[in-house]
Amino acid sequence: MKKTMKNTKKAILMVAFLATVVGFANDSNSLIKKGAKKTAIVLKNVKVGNLLTIKDNYGIVLYKEAIKTEGSYTKGFDLTQLPDGDYVFELEKDLEINTIPFSVALNQVTFNKTDEATYFKPYVKQDRDLVYVTKLNPELKETTINVYAINGTESTLRFSEKITNTQSIEKVFKLTKGNFKIEINSGNKEYTTFINN
C-alpha cells in the first residue's frame with residue numbers, strides 16, 4: 001500500500017511537471033523562476049547558430065553562447081550573483097534580435113515582460129556591382145545609411161541618407177570597383193557591412 005501511494009505521488013508530480021513545461025513551451029519567450037537562485041530561460045523557435053548573450057547596461061557582454069540545437073532552448077542561470085544593475089538577454093537570429101531586459105537588486109532578479117522588444121536587422125546582399133539593402137522598420141524609427149569608400153586606412157563618405165516614417169526600407173547602390181563600408185544606424189543600434197567589389 002505504501003509503495004502504491006509513493007508511486008502515485010511520483011506520477012502526480014511528473015504530470016504536474018510536464019504540464020508546466022508544456023505550458024511554458026507555448027510562449028514565444030518565457031522566463032521561469034526555479035528555486036531561490038536559479039532562473040531558467042526558455043526560448044522557442046531557435047536555430048543552430050543563433051547567438052544568446054547577456055549584456056550589462058553599458059553593452060559589455062557577460063555571457064555568450066551559440067545555440068547548438070534547433071527548436072526549443074532551455075538553460076538555467078544564477079543571476080543573483082550579478083552586481084545590482086540593469087541587464088538584458090539578447091537572442092540574435094538571422095534578421096532579428098530579441099531582447100529580454102532584467103534587473104538585479106539585493107540578489108533579487110526582476111523581469112519586465114512589457115519591456116521585451118524585437119529589433120529587425122538590415123539585410124545586405126551584393127550582386128556584382130549592385131548592393132541591395134533592405135530593413136523592416138515597423139516602429140518607424142529614424143534610420144541612417146552611410147556608404148564609405150575605403151582606400152587603405154582612409155575612408156571617405158560617398159553617400160548618406162536619413163530615412164524617417166518608413167516601415168520597409170529598400171535601397172539599391174551601384175558601386176564602382178573598390179572596397180566599401182555600409183553603416184546602418186537604427187534605434188540606437190549600428191550594423192556594419194564591408195563590400196569588396
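The structure displayed is predicted, hence computed values, not measured ones.

**Quick look at the sheet that holds strand β14 (residues 168-174)**
Next up, step 1: Read across the sheet, three strands follow the order β10-β11-β14 without closing on themselves; strand pairing throughout is antiparallel. Each of the sheet's edge strands pairs with one partner strand only, and the pair in question is β10 (123-127) and β14. Within the sheet, the average angular offset between the axes of one strand and its neighbour, ignoring direction, is 15 degrees.
Next up, step 2: As paired elements, β10 and strand β11 (residues 130-136) share five bridges and run antiparallel to each other.

**A look at a nonpolar patch on the surface**
Next up, step 1: A grouping of Tyr 58, Ile 60 and Leu 62 is seen on the molecular surface, where their side chains present a nonpolar patch of about 380 Å² in accessible area.
Next up, step 2: Counting through the fold element by element, Leu 62 comes out in strand β4 (residues 61-66).
Next up, step 3: With a relative accessible area of 43%, Leu 62 lands in the partly exposed category.

**Description of the pairing of strand β13 (residues 154-163)**
Next up, step 1: Both strand β12 (residues 143-151) and β13 contribute to a ladder of nine bridges, which runs antiparallel. The partner of Ala 149 across the bridge, within β13, is Thr 156.
Next up, step 2: If you look at the hairpin formed by β12 and β13, you'll find two residues sitting between the two strands, and Gly 152 has a positive phi there, around 70 degrees.

**Some words on the sheet that holds strand β16 (residues 189-196)**
Next up, step 1: Here we have four strands laid out as an open sheet, ordered β13-β12-β15-β16, and antiparallel in their pairing. Edge strands, defined here as strands with exactly one partner in the open sheet, are β13 and β16. Going across the sheet, the axis of each strand differs from the next one's by a mean of 15 degrees, ignoring polarity.
Next up, step 2: One ladder, built from eight bridges, connects β12 with strand β15 (residues 179-186); its direction is antiparallel. Looking across to β15, one finds that Thr 144 is bridged to Asn 185.

**Looking at the packing of aromatic side chains**
Next up, step 1: Under the criterion given, the structure shown has seven aromatic pairs.
Next up, step 2: Centroid distance Tyr 87 to Phe 102: 5.6 Å. Interplanar angle 20 degrees. Geometry classified as stacked. Here Tyr 87 is found in strand β6 (residues 85-92), whereas its partner Phe 102 is found in strand β7 (residues 96-105), with 15 residues between them in sequence.
Next up, step 3: Classification of Phe 102 by relative accessible area gives buried; the value is 3%.

What counts, and where the lines are drawn
Residues numbered from 1 in each chain as written. Predicted model: local features only at pLDDT ≥ 70, side-chain atom pairs only at ≥ 80, totals over all residues. Heavy atoms only, no water. Pairing = 2+ DSSP bridges. Helix = DSSP H or I, 4+ residues; strand = E, 2+ residues; numbered from the N terminus. Axes fitted to C-alpha atoms, helices over the stretch in contact; angles between N-to-C directions. Patch = residues over 30% accessible without salt bridge, like charges linked within 9 Å, V, L, I, M, F, W, Y side chains within 5 Å. Areas by Shrake-Rupley, 256 points an atom, 1.4 Å probe, with all protein chains shown as cover. Salt bridge = Lys/Arg side-chain N within 4 Å of Asp/Glu carboxyl O. Buried < 20%, exposed > 50% of the residue type's maximum accessible area, 1.4 Å probe, protein only. Phe/Tyr/Trp six-rings, centres within 6.5 Å; stacked < 30°, edge-to-face > 60°.

Everything listed here is a matter of geometry and, on its own, says nothing about what the molecule does.
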